Amino acid sequence: MNLRAVAPGLRTQVLLLALILLAVPWVGYRYVLEMERFLREGQERALGATARAVATALHNRPGLFATSGAAPLGSSDSGLYVRALSAPIVLDGFDSDWPAPADASDAPIYAGATVSIVPRLGKRDRHLYLFATVSDEHVVYRANAKARPDSADRIEIAVVDPHGSFLRFVVAPLGPGRAQALRVVGDGASWETPIVEPRVEAFFRETRRGYTMELRMPLAMIGPRLGLQAASVDDPERRETTSMAGPTGIDNPGVLEPVVIPESEIDLALQELGRTTTRIWVVDRDHRVLAQTGTLKPVPDQQPAFQQGSSIGSRIWGWLEQATLRRIYVQVLRRPRDDFDEGTQDPSALIGAQVDEALAGSSTTRWRATADQRAVVLSAAHPIRAANAVAGAVVVEETTNAILSVRTRALETLFTTALVVLTLGTLTLFIFATRLSTRIRRLRDQAEEAVDAQGRMRGGIAASSAADEIGDLSRSLSTMVKRLGEYNDYLESMGGRLAHEIRTPIAVVRSSLDNLSLQMLPEEAKRYMDRAREGLTRLSRVITSMTEATRLEQTLQHAENERFDLTEVVSGCVNGYRLAYPHSVFDLAAPSEPVIVSGAPELIAQMLDKLVANAVDFAHSNTPIVIGLAVDKNRALLSVSNDGPELPENMQGHLFESMVSIRSGASTTEPHLGMGLYIVRLIARFHGGAARAENRADRSGVTITIELPQTT
Amino acid sequence: MGRRIAVVEDEPAIRENYADVLRKHGYEVATYANRPSAMQAFRTQLPSLAIIDVGLGDEMDGGFTLCRELRSLSATLPIIFLTARDSDFDVVSGLRLGADDYLTKDVSLPHLLARIAALFRRSDLSTMPPAQEEVLERGDLHLDLKRFSVSWQGTAVDLTLTEFWMVHSLARFPGHVKDRDQLMRDANLVVDDSTITSHMKRIRKKFLAVDAAFEAIDTVYGMGYRWSGEGD
């Protein structure tokens, strides 16, 4: 009993076993990690292959690098340096959308007598951008649209276009704001008859020290050479050009700087690769970016609307998953994010150890985190060779977001599946264990029910029809209990049968003695006759008390209940005892009002007889036997108390059992089989009550109390 | 005419002891050890009185069967069960089959002889008109002490001999409490207390069958019983 409280039950044990199921998500997790590692390796290889492929495509094409390599646009002496622009440029005369120059050599000043210019060149979206900061004390605008282009402050640009023609443009504004460009040389134009060139746009803004000019023209207009200068007119009356400044001469094609716009072949080659979330850089030996294509961030295309599930079930499941699990996953699992920040990066130059190594001739792959740690970028670098020398390098970059999202999705699916499997598995096991333990417990209850506290068989065990081991056990128990019951019946009827069997020889002896007494016997023989009769009487009494309990049980089965006044029965009985036991003193403490109980009054009297006989036997002489009747919460308490020896400690619970006697010796002539208190208990139980025996509080004697339910 | 008593008993010692004592008291005795032999004899000639054991050899309830057969041969033949079986169930079964008395083997021979004599007297008197009445009247109760017959409110109550003696013992002194020992003595019986209780219960039932309002027998708990007929 105690063990059962401590040791885990069958259900707990099975649930503990179910913990094994937890290995499923763990194994799955390991598998996903392995998969991720595999995918990363694959990505690394693929990226390396891409880098090599790009590099191979650019191998031995010195032309690509030669022009820019020999006289790159904006070589340090010419100062015309075209940088790639990462952000779009708005033509507004402010340079806030231009990248800041890294140092003074990056933005050299070209100064004339009264004018100086700081030109900045950029390339973006197939346009050339120019931002010129011009210092000029007197800003002189053209008088009107018909005025000569060289009659005011101006920026002049000259190009040799892709067809080899020499073109010259002038931007001489009429005032601040948007300005037109006029072609003054080439294609039928002259200083006297300038032609408006709409492809060149410009914006003019005055500053404290002069003005700024922002200009844009398509790269398609620019051929192999480019020139640029600022010209100043200081006197609005005379309108003579007083000073000119610029990185190049401009008057004829010979003074222009050669230029290769790194558009063209590399870009085309790269674009053909057409990878959406791959960024490819091509740099030359000087780390300058010759071409760059692609972006790390995917084009935000329309996320497919949530799939309308074909069945209601899957839709409910989807909703459930969305409502519960996804929230947890978002908290726990790192989902790839496209809103990472790479930090500021110089778009015109790519620097870093990896590029150095690639330029040194070795190809590498490398992992790095973005500046904000939100994404991991994998980059592969490969050298581009031209004529056995390293001409440049290809750097291919890609985030691991694709893998990450595959991983996250796999983990989500894994956890969802594991959760479902765990829940279902545990539930199944739990139900199974519950059923098992219920069946076992029912069997145990039946087994406990089958035998009462006295070890008597109370009933059988219903044999289960189940085919498994528990059913088998139940059948075995059922058979066992049945056999035990039969044996028990045999034992129980033993007393009665013994009495019955003894009665016949007694009858033989008795009738023989009776016959004998009819003879004329000598006096001496009569003495022996009497002794024989006395012995016979005692033998009869033994048999009577042996069968008394059995007969009482039979009586109880047929007894009829009636309502009666317990006070009357008890006081009547006590009056009888005063006559029957003239040497004993009886004190009765009973209420004056009736105490109504339901039962058989003659049985109550029989019970009281036994109690009083018991008390008289044990009472010290000349001490009163106290018979009490009291009412306590709908229960009638009938007690018989006597002075005398205490009950032995270990016997108190057993006193009311059959054949238990605490009498020390055969001191009395009456036979004592220990049936008296057993009969008391039988009768008390029949009335729905209970009997208990206690030592008096002052240890002067013993009180036996019968609790009977009161009928209202 | 000699009185012929049949003793049907499977235990030879008891059978012979009873036979001896009965013969000594002037009765003619025929003994049978089992039911078939007894029944065979009864078909030829009926005894004046039969003493039957319930268990006869292999037949657990042979005595009951015999009693039923005997009763079918004669409605008035006095039959006494003398057996070791003393359960209420057996007593009721035996009496319901028409036995005049049901005694356990605890009974002493003098008590048995008193019963036999009384039963003969009753059967003799019932066949001839009453010469002189010996009657006890207590209100509705009418006791014919010669014929051992009882009537309540003019209706006959069929009591066994033992029951008759008990009622007589109570009714003789109305209002006096008779304890169980006195009742046993008066009923020529030595039994235990609970048997007396069963007897009193059966007596009450028999009176109640005649008169549902019968309550002339009082139980005085712890002491005994008392007749409380009206007028006392």
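Remember, it's a predicted structure, so these values are computed and weren't measured experimentally.

Novice: Would you mind going over the overall build of chain B with me for this structure?
Specialist: A count of helices and strands for chain B gives eight helices and twelve strands. Here chain B holds 232 residues, and 41% of them are scored as buried. Long-range pairs, those at least 24 residues apart, make up 57% of the contacts in chain B with a sequence separation of at least 6.

Novice: Which parts of the structure should I look at to understand unusual backbone geometry?
Specialist: Among all residues except glycine, the phi angle is most often negative; among peptide bonds, the trans geometry is most common. The backbone of N622 of chain A sits at a positive phi, close to 70 degrees, despite the residue not being glycine. Relative to the elements of secondary structure, N622 of chain A occurs in the loop between helix 12 (601-618) and strand 21 (624-632). Despite not being glycine, Q153 of chain B has its phi angle at roughly 50 degrees, a positive value. Residue position: Q153 of chain B is located in the loop between strand 8 (149-152) and strand 9 (155-157).

Novice: It is not clear to me how the sheet that holds strand 13 (residues 278-284) of chain A should be interpreted in this structure. Could you clarify?
Specialist: Sheet strands pair by backbone hydrogen bonding; their relative direction is either parallel or antiparallel. Residues and elements named next belong to chain A. A sheet is described by the order of its strands in space; here five strands give the open sequence 14-13-17-16-15, paired in antiparallel fashion. The sheet is open, and its two edges are formed by strand 14 (289-293) and strand 15 (364-369), each paired on a single side. Along the sheet, successive strands turn relative to each other by an average axial angle of 20 degrees, direction set aside. Its contacts with the sheet put helix 3 (residues 23-58) on strand 13, strand 15, strand 16 (376-386) and strand 17 (389-399), and the angle it makes with strand 16 is roughly 30 degrees.

Novice: What am I meant to see in the confidence of the model for chain A here?
Specialist: All names here are of chain A. On average, residues of chain A score 79 in pLDDT, and 84% of them are at 70 or above. In this model, residues 66-79 is a region of pLDDT below 50 whose contacts with residues beyond four sequence positions or in other chains number 26 contacts. Below a pLDDT of 50 lies the segment residues 302-309, which in the model reaches three contacts outside its immediate sequence neighbourhood of four places, other chains included.

Novice: Is there a simple way to explain the nonpolar core in this structure?
Specialist: Soluble globular proteins tend to pack their nonpolar side chains together in the buried interior. Membership of the largest hydrophobic core comes to 65 residues, with the highest contact counts inside it found for V8 and A50 of chain B. Here this core spans two domains, since at least three of its residues come from each of domain 1 (4-127) and domain 2 (135-227) of chain B. Those residues in contact with V8 of chain B that lie beyond four places of it in its chain are Y32, A38, A50, I52, D53, L56 and L66 of chain B. Core analysis: the second largest hydrophobic core is formed by 45 residues, A152, A172, A179 and V200 of chain A among them.

Novice: Could you clarify how one ought to interpret the sheet that holds strand 7 (residues 141-144) of chain B in this entry?
Specialist: Residues and elements named next belong to chain B. Taken in spatial order, the four strands of this open sheet run 6-7-8-9, and their pairing is antiparallel. Every interior strand has two partners, whereas the edge strands, strand 6 (135-138) and strand 9, have only one. Averaged over all pairs of adjacent strands, the angle between their axes in this sheet comes to 25 degrees, without regard to strand direction. Along the sheet, helix 6 (residues 161-172) makes contact with strand 6, strand 7 and strand 8, crossing strand 6 at roughly 60 degrees. Where helix 8 (residues 193-210) meets the sheet, its contacts fall on strand 8 and strand 9, and the angle it forms with strand 9 comes to roughly 160 degrees.

Novice: Honestly, the environment of Q229 of chain A in this entry has me stumped. Any pointers?
Specialist: Residues and elements named next belong to chain A. Residue position: Q229 is located in strand 10 (residues 225-233). You can call Q229 buried: it has 24 C-beta atoms within 10 Å. Taking the C-alpha atoms as reference, Q229 lies 8.9 Å from A158; in sequence the two are 71 residues apart. When sequence neighbours within four positions are dropped, the list of residues in contact with Q229 reads E156, M244, A245, G246, T248 and I250.

Novice: Explanation requested: the confidence of the model for chain B in the structure shown.
Specialist: Low-pLDDT portions of the prediction should not be read for the details of their coordinates. Looking at chain B, the pLDDT average stands at 85 and 94% of residues meet or exceed 70. The ipTM value of the predicted complex is 0.80, and its pTM value is 0.50.

Novice: What am I meant to see in the interface of chain A and chain B here?
Specialist: Accessible area lost when the parts come together is the quantity often used to give the size of an interface. Counting from both sides, the interface comprises 28 residues of chain A and, opposite them, 25 residues of chain B. Mapped by element, the contributors of at least two residues to the side of chain A that touches chain B are helix 9 (469-518), helix 10 (523-558), helix 11 (566-580) and helix 12 of chain A. Here the element with the most residues in the side of chain A that touches chain B is helix 9 of chain A; it accounts for eleven residues. Across the side of chain A that touches chain B, the residue classes tally to ten nonpolar, 13 polar and five charged.

Novice: What is the right way to read the pairing of strand 3 (residues 115-124) of chain A from this model?
Specialist: A regular strand places its side chains so that they alternate between the two faces of the sheet. Residues and elements named next belong to chain A. Where burial is concerned, most of strand 3 is hidden: seven out of the ten residues are buried. Across two bridges, strand 2 (residues 110-111) lies against strand 3 in antiparallel orientation. Paired with Y110 across the two strands is I117, which belongs to strand 3. Taking the residues between adjacent antiparallel strands as the criterion, strand 2 and strand 3 are bridged by three residues. Pairing of strand 3 with strand 4 (residues 127-136) involves ten bridges; the strand directions are antiparallel.

Novice: What is the right way to look at the environment of L22 of chain A in this model?
Specialist: Following the sequence through the fold, L22 of chain A ends up in the loop between helix 2 (10-18) and helix 3. Under the C-beta neighbour-count criterion, L22 of chain A is labelled exposed, with 12 such atoms within 10 Å.

Novice: I keep staring at helix 10 of chain A and nothing clicks. Help me out?
Specialist: For an α-helix, the turn length of 3.6 residues means that residues three or four places apart are oriented alike. Residues and elements named next belong to chain A. In this model helix 10 runs 50 Å from its N-terminal to its C-terminal C-alpha over 36 residues, within 8% of the 52 Å that 1.5 Å per residue would give. Its axis deflected by about 40 degrees at E548, helix 10 carries its strongest bend there. For helix 10, every residue scored as buried is listed here: S540, I543, T547, E548, A549, L552 and T555.

Novice: I'm lost on the environment of T295 of chain A in this one. Help?
Specialist: As for its placement among the helices and strands, T295 of chain A is situated in the loop between strand 14 and helix 6 (312-332). For the pair T295 of chain A and T278 of chain A, spaced 17 residues apart in sequence, the C-alpha to C-alpha distance is 6.0 Å.

Calculation notes
- Residues numbered from 1 in each chain as written.
- Chains lettered and ligands numbered in written order.
- Predicted model: local features only at pLDDT ≥ 70, side-chain atom pairs only at ≥ 80, totals over all residues.
- Helix = DSSP H or I, 4+ residues; strand = E, 2+ residues; numbered from the N terminus.
- Buried ≥ 20, exposed ≤ 12 C-beta atoms within 10 Å, placed from the backbone.
- Contact = placed C-beta atoms within 7 Å.
- Pairing = 2+ DSSP bridges.
- Axes fitted to C-alpha atoms, helices over the stretch in contact; angles between N-to-C directions.
- pLDDT = per-residue confidence, 0-100.
- Core = buried A, V, L, I, M, F, W, Y, C linked by C-beta atoms within 7 Å.
- Domains from an automatic or database assignment.
- Nonpolar A, V, L, I, M, F, W, Y, C, P; charged D, E, K, R; others polar.
- Expected span 1.5 Å × (residues − 1).
- Bend = angle between axes of the 7 residues up to and from the residue.

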